[in-house]
Amino acid sequence: TTVLLPLFVEELMDEDNRPFSHTFEQCSKSGIRLKYSDGILEEVERHFNRCLAYVHSDEWEGDVPYIVSQFISLGGTRERFFSWVEKFFGLSDRLNDISDYLKRVHNLELERAPSCEHISAEIASEVREKWRQEHSARAGSKNRDDWTALKMADHDSENLLHVMSERVKQTGRSPFGYTCWWLTLDGRAVRI
C-alpha cells in the first residue's frame with residue numbers, strides 16, 4: 001500500500017516529477033512482473049473511502065488521509081476531490097475499477113491468495129503475531145479501531161509469508177538471485 005498510494009497522487013504531477021510511476025515503468029520494461037495482493041487492493045480502496053469520508057465531513061478526528069492531503073497540498077480543493085477520483089473508480093465496483101487502473105496505467109497485476117505453503121506453522125504464527133503487535137500499537141496512537149489494525153496485520157503477514165515461502169523454494173541462491181521481493185516503504189517490515 002505504501003508504494004501504491006503515491007501512484008495515484010502522481011497523476012497530479014508533471015510527467016517529469018513522477019518517481020514511483022517511472023520506477024514501475026522501468027521495472028516493467030526490464031521484464032520484472034509487479035504484483036499486489038487482494039489485501040493490498042482492499043487497503044487502497046479503504047484508503048480512498050476514508051478520503052471521501054474526509055472531504056464530506058464537517059468534523060474529522062485523526063490524521064487527514066494521505067491521498068487527499070497530497071491532493072490539497074498540490075492545489076486541489078475538497079470540492080474537486082470527488083471528480084478527480086473518478087479517474088480511478090466509479091460508483092459501483094471500486095475494487096475492480098482500481099485494479100483495472102493499476103493494470104492499465106502501471107502494468108501491476110493482482111495476485112489472488114498468495115501462497116505460503118513452504119513456511120512452517122510456527123514461523124507463520126510468529127510472523128502474524130509480530131504484525132498484530134505492530135499494528136495494534138500503531139492503531140492506538142492513531143485512533144484506529146482494532147478490527148482495522150488486525151486486517152492490516154493480516155495483509156502484511158500474508159505478503160511477508162508469501163515472499164518467505166517463495167524464497168524457501170529458491171534455497172541456495174544468493175540474496176540478489178531471489179525472484180520474489182516485497183516492495184514497501186514500511187520500516188516495520190525490516191524489523192519483523
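Anything mentioned here points back to the structure above.
I will try to describe carefully the structure that is included in this document.

Overview of the pattern of salt bridges
Point 1. Following the criterion strictly, the structure yields 12 salt bridges and no others.
Point 2. One salt bridge connects glutamate 134 with arginine 191, and the closest N-O pair in it is separated by 3.2 Å. Here glutamate 134 is found in helix α7 (residues 121-141), whereas its partner arginine 191 is found in helix α9 (residues 188-191), with 57 residues between them in sequence.
Point 3. For glutamate 134, a relative accessible area of 22% puts it in the partly exposed group.
Point 4. Connected through salt bridges with shared partners, the residues Glu45, Arg46 and Arg94 form a single ionic network.

Looking at unusual backbone geometry
Point 1. Of note in the backbone geometry, asparagine 107 takes a positive phi value of approximately 55 degrees without being a glycine.
Point 2. Since its relative accessible area comes to 34%, asparagine 107 is described here as partly exposed.

What to know about the side chain of glutamine 170
Point 1. Topologically, glutamine 170 is positioned in the loop between α8 (146-169) and α9.
Point 2. With relative accessibility at 11%, the residue glutamine 170 sits in the buried group.
Point 3. Within the structure, the side chain of glutamine 170 is placed 2.4 Å from the side chain of threonine 179, a separation counted as a polar contact.
Point 4. Contact partners of glutamine 170, with chain neighbours within four places excluded, come to Gly177, Tyr178 and Thr179.

Scoring rules and cut-offs
- Residues numbered from 1 in each chain as written.
- Predicted model: local features only at pLDDT ≥ 70, side-chain atom pairs only at ≥ 80, totals over all residues.
- Heavy atoms only, no water.
- Salt bridge = Lys/Arg side-chain N within 4 Å of Asp/Glu carboxyl O.
- Helix = DSSP H or I, 4+ residues; strand = E, 2+ residues; numbered from the N terminus.
- Buried < 20%, exposed > 50% of the residue type's maximum accessible area, 1.4 Å probe, protein only.
- Polar contact = N/O pair within 3.5 Å; in protein donor to acceptor, adjacent residues only side chain to side chain.
- Contact = heavy atoms within 4.5 Å.

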